There are 4 protein chains.
Amino acid sequence: MLYFECDYSEGAHEKILERLAATNRESLPGYGMDHYCQSAKEKILAACQCPEGDVHLLVGGTQTNQIVISSMLRSYEGVVAAETGHINTHEAGAIETTGHKVLALPQHEGKIDGDELRRYLQTFYGDENHEHMVFPGMVYISHPTEYGTLYTKEELKSLSEICRQYKLPLYMDGARLGYGLVSPGTDVSLADVAKYCDVFYIGGTKVGALCGEAVVFTKNNTPPHFMTMVKQRGALLAKGRLLGIQFDTLFTDSLYLEISKNAIDTAEMLKQILREKGYPFYLDSPTNQIFVTLEDKKLKELQKNAVVSFWEKTDADHTVVRFATSWATSKEDVKKLAELL
Amino acid sequence: MLYFECDYSEGAHEKILERLAATNRESLPGYGMDHYCQSAKEKILAACQCPEGDVHLLVGGTQTNQIVISSMLRSYEGVVAAETGHINTHEAGAIETTGHKVLALPQHEGKIDGDELRRYLQTFYGDENHEHMVFPGMVYISHPTEYGTLYTKEELKSLSEICRQYKLPLYMDGARLGYGLVSPGTDVSLADVAKYCDVFYIGGTKVGALCGEAVVFTKNNTPPHFMTMVKQRGALLAKGRLLGIQFDTLFTDSLYLEISKNAIDTAEMLKQILREKGYPFYLDSPTNQIFVTLEDKKLKELQKNAVVSFWEKTDADHTVVRFATSWATSKEDVKKLAELL
Amino acid sequence: MLYFECDYSEGAHEKILERLAATNRESLPGYGMDHYCQSAKEKILAACQCPEGDVHLLVGGTQTNQIVISSMLRSYEGVVAAETGHINTHEAGAIETTGHKVLALPQHEGKIDGDELRRYLQTFYGDENHEHMVFPGMVYISHPTEYGTLYTKEELKSLSEICRQYKLPLYMDGARLGYGLVSPGTDVSLADVAKYCDVFYIGGTKVGALCGEAVVFTKNNTPPHFMTMVKQRGALLAKGRLLGIQFDTLFTDSLYLEISKNAIDTAEMLKQILREKGYPFYLDSPTNQIFVTLEDKKLKELQKNAVVSFWEKTDADHTVVRFATSWATSKEDVKKLAELL
Amino acid sequence: MLYFECDYSEGAHEKILERLAATNRESLPGYGMDHYCQSAKEKILAACQCPEGDVHLLVGGTQTNQIVISSMLRSYEGVVAAETGHINTHEAGAIETTGHKVLALPQHEGKIDGDELRRYLQTFYGDENHEHMVFPGMVYISHPTEYGTLYTKEELKSLSEICRQYKLPLYMDGARLGYGLVSPGTDVSLADVAKYCDVFYIGGTKVGALCGEAVVFTKNNTPPHFMTMVKQRGALLAKGRLLGIQFDTLFTDSLYLEISKNAIDTAEMLKQILREKGYPFYLDSPTNQIFVTLEDKKLKELQKNAVVSFWEKTDADHTVVRFATSWATSKEDVKKLAELL
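To start, this report covers the structure provided alongside it. (Residues numbered from 1 in each chain as written. Chains lettered and ligands numbered in written order. Predicted model: local features only at pLDDT ≥ 70, side-chain atom pairs only at ≥ 80, totals over all residues. Heavy atoms only, no water.)

### Here's the deal with the sheet that holds strand E9 (residues 289-295) of chain C
Residues and elements named next belong to chain C.
Argument step 1. The three strands are arranged E9-E12-E11 in an open sheet whose pairing can be described as antiparallel. In the strand order of this sheet, the two ends are held by E9 and strand E11 (309-315), each with one partner. Within the sheet, the average angular offset between the axes of one strand and its neighbour, ignoring direction, is 25°.
Argument step 2. In the sheet, E9 pairs with strand E12 (residues 318-324) via seven bridges, with the strands oriented antiparallel. The partner of Ile-290 across the bridge, within E12, is Phe-323. (Pairing = 2+ DSSP bridges. Helix = DSSP H or I, 4+ residues; strand = E, 2+ residues; numbered from the N terminus. Axes fitted to C-alpha atoms, helices over the stretch in contact; angles between N-to-C directions.)

Written out as structure tokens, the structure is:
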């Protein structure tokens, strides 16, 4: 069976497992106070060119979104997001559970539009009274988006300026950030992300770690007692070393970007094959997620030998599916898939 | 430096790391749907002699307490616990964050008393109106307690009967359950726990895993859509294999109990030494936590070469400290500590 | 100055004030346990032709929506509503505060469409997994809607059938229910509301009371310990008599419908005038809210002598405004307004 | 039947009803933006000698506690209160519903002790780490307490100093504040309350209003967007005039204190009678609540003709009951009660 279902089907990059084994019997303080966490944080800030930043290591993406957003919003505020944003669709209401509304804006291939954002925010600062409405308190974007698309540097800069004008933090969900950073078409670097966002996270779970996301507060703006809020949400790992060692490894010798590149290379290879074979793309994604419309008959046949991800039905006989590559995808598997297509 | 600070200072039992490495490149479904999770659940239920039970694997203890308790309480209910219960003292208000009150009962070396529990519950069923009060909706106990003490089978049975009389689930926090099960004095087996509790968890983090706790619903009583509630709290691990493989390993060939025994053996060894040297015990704990009163001068000296845990000041010159052993404690280290004492 | 801004500009119907004065020195039990509350409940159930129903009196509309919805949803569920539903737009996130998401459907002059609702609900019962999404747990409609429009009996019946098919309670926000019930075009009676909805509330605040909304659970389906949940939300009035006496008065000799009729009569009168003068209606509302597009110049002039409600800008020179009549609007005032128009 | 059960058995002082009737047909803006609310606020601040203060009018006591406390705490903070504090015992978990823990201190006739408070707060600022604990974020006191007792000016000043030292707001629940202010033994004036507390409320419901509590933020410290948070909790009254007119009346010509005095006078009269007849007082309360131990036989007889409040059983044959007087208690009723005793 060939697996192109998602980017979290395998374990971790072998270097991570080796580091875990090599350090296993060291007695270390708990709760992220160990020197591996410290080292990981330093390496991450160096990679971000953001020496004034602050890094916290958490376990998973929904958890990270929930804690970052709820810790930065005031109780009467909501978070602005594309209607297709992960927090608005596939996190089981994790934001609302903390008492906050997701304020949905239209999506454009998964992205929000700067002009639409500005118009929306302006309404809260006009003559009319908005005291009976949920105030926007933060802007959430995902990069890559849930459709694999990317913001350009210009778009990111523009969103950042709008947010600063309205004094709202700009937060980037980087569950697949690595795959965005090494996409051939992008002009957005990790330093740009740190520059334009007030807070973002570098996804580990989908980019070679067993688990783990690294939150970066970029502007000396970590909420007070953030660690207590992490504990309060049940998210403080006793053996913080598990996260520290993984991120320290990923940010040693650019391993994070290097393994991200494998996902992009194999995705490009697969896209080329799909293009040649005449499969219609649902949209043009420059990262590791490929959305293609298949005849249901063809899909059924394919599913005998390959696992892909259902996206949506387009009509009675066609389905959009997602092929995802990852740090772990081999060129051999892409070739085998090509034969099935 | 000698580490007796806590039972989560080292990584994981080596067999776990080996299994993680051996299975690393297998492509598996996410979110706990893989066969290792399935196998772990079966082995756990077999060990519990509870074939009708249901197991869910979560990442950490506070998270587990938060999710189990909030998913079983109705919105107007609170959870009864000893005033020293972990949920009432050291989880940063994780229960209250979900909207529920911890209803504290007096503690007796960390335990609640059956008669006091019964009297408390009775007040809600007398003539008087209690509609302005928080209703008890669940009873929480820890075993071993935060003081390392254990309930007897008779005590556990009695609490269970009281809970059933009042139709309240009895929940056991088993963060250190392994250490309780192999304590020389105990008459409580894992099957007893499953029999008398409606839900409990088997702690992995403190007993040889990198992370992970196994929740067991024992009476065909898993709350509907439990998985969605886990997701909603940010606690659903994408790579559920990380938990499945660990618990599958721990519950193969009784590894869990075997490594628990190391903690008890080294604790007994240390207690013998402390007794011989005349150190006064703060209380008599039959598990892996040892509470001793030290002169501050002595403590300061000791801390040059050993890490122990501060518990409380008893007077201007004395401090209660906790020595903790674990699955990873070596007899050599206990001997070295003996020399320092 | 002429007031057509809203339907809560004046105090209460004089009969209410007289009853409050006449009963003032009676010593009564608190928290709604008095005989006026009891009598009000009986009269309301009789008017609803719903003897098996259960009535609770609350203070205001947002409070009522918050308590009814949060007490009927499970923690992983959200409430389905039109995107323009009051709970989704103008209640400051009161639903999200309780941890639940508002699941917005498209609105059609403020109403939801049965077919769209059915299609939405079906997706949760197909082959695909929805465990990462917020489950629909209730359907909220307002009648009259925020645009003054009404469901037909056929539409209401259809929504009711869909809800029963999917085992979801249908909840009607009747903040202005009186105005809907006496609208000339409607075929929906109070008994129909009780028949087709699982729970609804009869608005008092906007229909002649100082404050107060009467929640009716129609199917022997009051959530257990509802009163405690009311208290928990800070909504239990110590002097419940204030609500009991008001609703007892409103439901004596059909006062509620009678005073509602005044709003409709004066609204019809005003609509006739607007029509004659050629003002373009924004939409056709059959109740007490009239939406008209005005030139900004005209609006500015009008505002010197009359208060109306801003709705939205349609272009640089035009604004939609709302004229609202109420139980307290006099024909004289409508005539005076006519002169200004 | 004679009513001494509580202080909210009757409607409102007649002057309030007269004002409501006299102003009934005035068309006024909603949500507390009317001139009666404005006037009430000015009179209250004048009475408090606190020109820099800010007043908000809310409907009930639990609602007020819930909103004030949740709007002033950060998410990781709890509120310190006496274990017998109303928020900890009889508000159905209204504070926990907002996600915050009540941190209970020992009570001394309903009061907290300054030294115990200081010692408790100090522990959070010592060497030890408290990041896994709920931080104290506010101190709640009731005055009069739930036992009718009062803080002295010296005690209040001391609590205030401790709170300022630790930068915690001091909040007074003044549900029965009027009865405290006119108690013969007190040296605490309304101006003192405003001086020493950061926020407090003046209870209307129990002191002559139909409903209503006036929150005073005394130090230019109203939380931003407080009105939105009030709306979000379902507590914003559409017809705010109902509260404005009541408090404007109560604070005209010192009506509030004048009617409070009636409760104290009748309570003193009743205490004198009880003393003469040899009834043992459970504790010595200087306000309108009188706690007496009765033989159950005697109580049963008394209950044929009088309503009193059950407090607690002391042994098999005795019960503590509470007699409450109020603004509405007549001397004639006290005399009639005397005959029954």
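### Section: the packing of aromatic side chains
Argument step 1. Counted according to the given criterion, the structure contains 44 aromatic pairs over all chains.
Argument step 2. Taking 5.8 Å as the distance between ring centres and 45° as the angle between the ring planes, the aromatic pair formed by Phe-124 of chain A and Phe-135 of chain A counts as tilted. Placement of the pair is Phe-124 of chain A in the loop between helix H6 (114-122) and strand E5 (135-142) and Phe-135 of chain A in strand E5, with a sequence separation of eleven residues.
Argument step 3. You can call Phe-124 of chain A buried: its relative accessible area is 9%.
Argument step 4. Classification of Phe-135 of chain A by relative accessible area gives buried; the value is 13%.
Argument step 5. Ring centres of Tyr-120 of chain D and Phe-124 of chain D lie 5.5 Å apart, and the angle between their planes is 70°; on these two criteria the pair is classed as edge-to-face.
Argument step 6. Here the aromatic residues Tyr-76, Tyr-120, Phe-124 and Phe-135 of chain A are joined through ring pairs into a cluster of three or more.
Argument step 7. Against the face of Tyr-151 of chain A rests Lys-111 of chain A, its NZ or CZ located 5.4 Å from the ring centre. (Phe/Tyr/Trp six-rings, centres within 6.5 Å; stacked < 30°, edge-to-face > 60°. Buried < 20%, exposed > 50% of the residue type's maximum accessible area, 1.4 Å probe, protein only. Lys NZ or Arg CZ within 6 Å of the ring centre and 35° of its normal.)

### A short note on helix H2 (residues 35-48) of chain D
All names here are of chain D.
Argument step 1. Between its terminal C-alpha atoms H2 stretches 20 Å, which fits the 20 Å expected from 14 residues at 1.5 Å a residue.
Argument step 2. Every buried residue belonging to H2 is among Tyr-36, Cys-37, Ala-40, Lys-41, Ile-44, Leu-45 and Cys-48, and all of these are buried. The buried residues of H2 occupy an angular sector of 165° when projected down its axis, which confines them to one face.
Argument step 3. Buried residues in H2 make contact with helix H1 (14-22), strand E2 (54-58), helix H9 (190-196), strand E7 (199-203), strand E8 (213-217) and helix H11 (241-250).
Argument step 4. Between the side-chain oxygen of the N-cap and the backbone nitrogen of Tyr-36 there are 3.0 Å, and the N-cap of H2 in question is Asp-34.
Argument step 5. In the stretch just after H2, Gln-49 is the one whose phi turns positive, near 50°. (Expected span 1.5 Å × (residues − 1). Arc of directions from axis to C-beta. Contact = heavy atoms within 4.5 Å. Polar contact = N/O pair within 3.5 Å; in protein donor to acceptor, adjacent residues only side chain to side chain.)

### What to know about the environment of Ala-92 of chain D
Argument step 1. Checked against the element boundaries, Ala-92 of chain D lands in the loop between helix H4 (86-89) and helix H5 (94-97).
Argument step 2. C-alpha of Ala-92 of chain D to C-alpha of Lys-41 of chain D: the two residues are 51 residues apart in sequence and 30 Å apart in space.
Argument step 3. When sequence neighbours within four positions are dropped, the list of residues in contact with Ala-92 of chain D reads Glu-131, His-132, Met-133 and Val-134 of chain B together with Thr-228, Lys-231 and Gln-232 of chain C.

### Focus on the nonpolar core
Argument step 1. In this structure, Ile-44, Phe-200 and Ile-202 of chain C together with Ile-44, Phe-200 and Ile-202 of chain D are the most contacted members of the largest nonpolar core, which totals 137 residues.
Argument step 2. Sequence-distant contacts of Ile-44 of chain D, that is, excluding residues within four places in its chain, are made with Val-55, Leu-57, Ile-202, Ala-214, Val-216, Phe-247 and Phe-251 of chain D.
Argument step 3. Counting 132 residues, the second-largest nonpolar core is a separate cluster that includes Ala-82 and Leu-237 of chain A together with Tyr-151 and Leu-237 of chain B. (Core = buried A, V, L, I, M, F, W, Y, C linked by side-chain atoms within 4.5 Å.)

### Here's the deal with the interface of chain C and chain D
Argument step 1. On the chain D side, the residues contacting the 43 residues of chain C number 43 residues.
Argument step 2. Of the roughly 3900 Å² buried where chain C meets chain D, counting both sides, 53% is carbon and sulfur surface.
Argument step 3. Our enumeration of links across chain C and chain D arrives at two salt bridges.
Argument step 4. One salt bridge connects Arg-25 of chain C with Glu-14 of chain D, and the closest N-O pair in it is separated by 3.0 Å.
Argument step 5. Counting residues per element, the ones that place at least two in the side of chain C that touches chain D are helix H1 (14-22), helix H3 (61-72), helix H5 (94-97), helix H10 (226-232) and helix H11 (241-250) of chain C.
Argument step 6. Here the element with the most residues in the side of chain C that touches chain D is H1 of chain C; it accounts for four residues.
Argument step 7. Along the lines of polarity and charge, the residues of the side of chain C that touches chain D split into 19 nonpolar, 15 polar and nine charged. (Buried area = accessible area lost by both parts, 1.4 Å probe. Salt bridge = Lys/Arg side-chain N within 4 Å of Asp/Glu carboxyl O. Nonpolar A, V, L, I, M, F, W, Y, C, P; charged D, E, K, R; others polar.)

### A look at empty space enclosed by the protein
Argument step 1. Counted by the stated rule, this structure contains ten cavities of 30 Å³ or more.
Argument step 2. The volume enclosed by the largest cavity comes to roughly 40 Å³.
Argument step 3. What lines the largest cavity is Ser-75 of chain A together with Ile-67, Ser-70, Ser-71, Met-229, Gln-232 and Arg-233 of chain D.
Argument step 4. Within the residue set of the lining of the largest cavity, elements represented by two or more residues are helix H3 (61-72) and helix H10 (226-232) of chain D.
Argument step 5. Broken down by element, the residue count for the lining of the largest cavity peaks at three residues, all from H3 of chain D.
Argument step 6. The class makeup of the residues in the lining of the largest cavity is two nonpolar, four polar and one charged. (1 Å grid on protein atoms, 1.4 Å probe; cavity = no way out; pocket = protein on both sides within 12 Å on 5 of 7 lines; lining within 4 Å. Points joined across faces, edges and corners; volume = space filled by probe spheres on them.)

### Here we look at the pattern of salt bridges
Argument step 1. According to the stated counting rule, one finds 55 salt bridges over all chains in the structure shown.
Argument step 2. Residue Glu-268 of chain B is joined to Lys-271 of chain B by a salt bridge in which the shortest nitrogen-to-oxygen separation is 3.4 Å. Here Glu-268 of chain B pairs with Lys-271 of chain B, and both are found in helix H12 (residues 255-276), just three residues apart, close to one helical turn.
Argument step 3. Under the relative-accessibility criterion, Glu-268 of chain B is labelled partly exposed at 32%.
Argument step 4. Here Asp-7 of chain D ties to Arg-176 of chain D by a salt bridge, and the two come within 2.6 Å at their closest N and O atoms. Of this pair, Asp-7 of chain D sits in the loop between strand E1 (2-3) and H1 while Arg-176 of chain D sits in the loop between strand E6 (170-173) and helix H8 (177-181), placing them 169 residues apart in sequence.

### Describing the packing of H1 of chain C against H11 of chain C
When two helices pack together, their arrangement is given by the angle between their axes and by how far apart the axes lie.
Residue and element names in this part refer to chain C.
Argument step 1. H11 packs onto H1 with a crossing angle of 130° between their chain directions and a minimal axis gap of 9 Å. Classified by the angle their axes make, H1 and H11 are oblique. As H1 packs across H11, the resulting crossing turns out to be right-handed. Contact residues: H1 offers Lys-15, Ile-16, Arg-19 and Leu-20, while H11 offers Leu-242, Ile-245, Gln-246, Asp-248, Thr-249 and Leu-250.
Argument step 2. Here the residues of the contact of H1 with H11 are counted per class, giving five nonpolar, two polar and three charged. (Parallel < 35°, antiparallel > 145°, perpendicular 65-115°, else oblique. Left-handed = near helix turned anticlockwise from the far one by under 90°.)

### Some remarks on the interface of chain A and chain B
Argument step 1. Taken together, the contact between chain A and chain B spans 43 residues of the former and 43 residues of the latter.
Argument step 2. At the boundary of chain A with chain B, the tally comes to two salt bridges.
Argument step 3. At the boundary of chain A and chain B, one finds 29 residue pairs in polar contact (both at pLDDT 80 or more).
Argument step 4. If you list the elements that add at least two residues to the side of chain A that touches chain B, you get helix H1 (14-22), helix H3 (61-72), helix H5 (94-97), helix H10 (226-232) and helix H11 (241-250) of chain A.
Argument step 5. Per-element tally for the side of chain A that touches chain B: the top contributor is H1 of chain A, with four residues.
Argument step 6. Here the side of chain A that touches chain B is composed, by residue class, of 19 nonpolar, 15 polar and nine charged.

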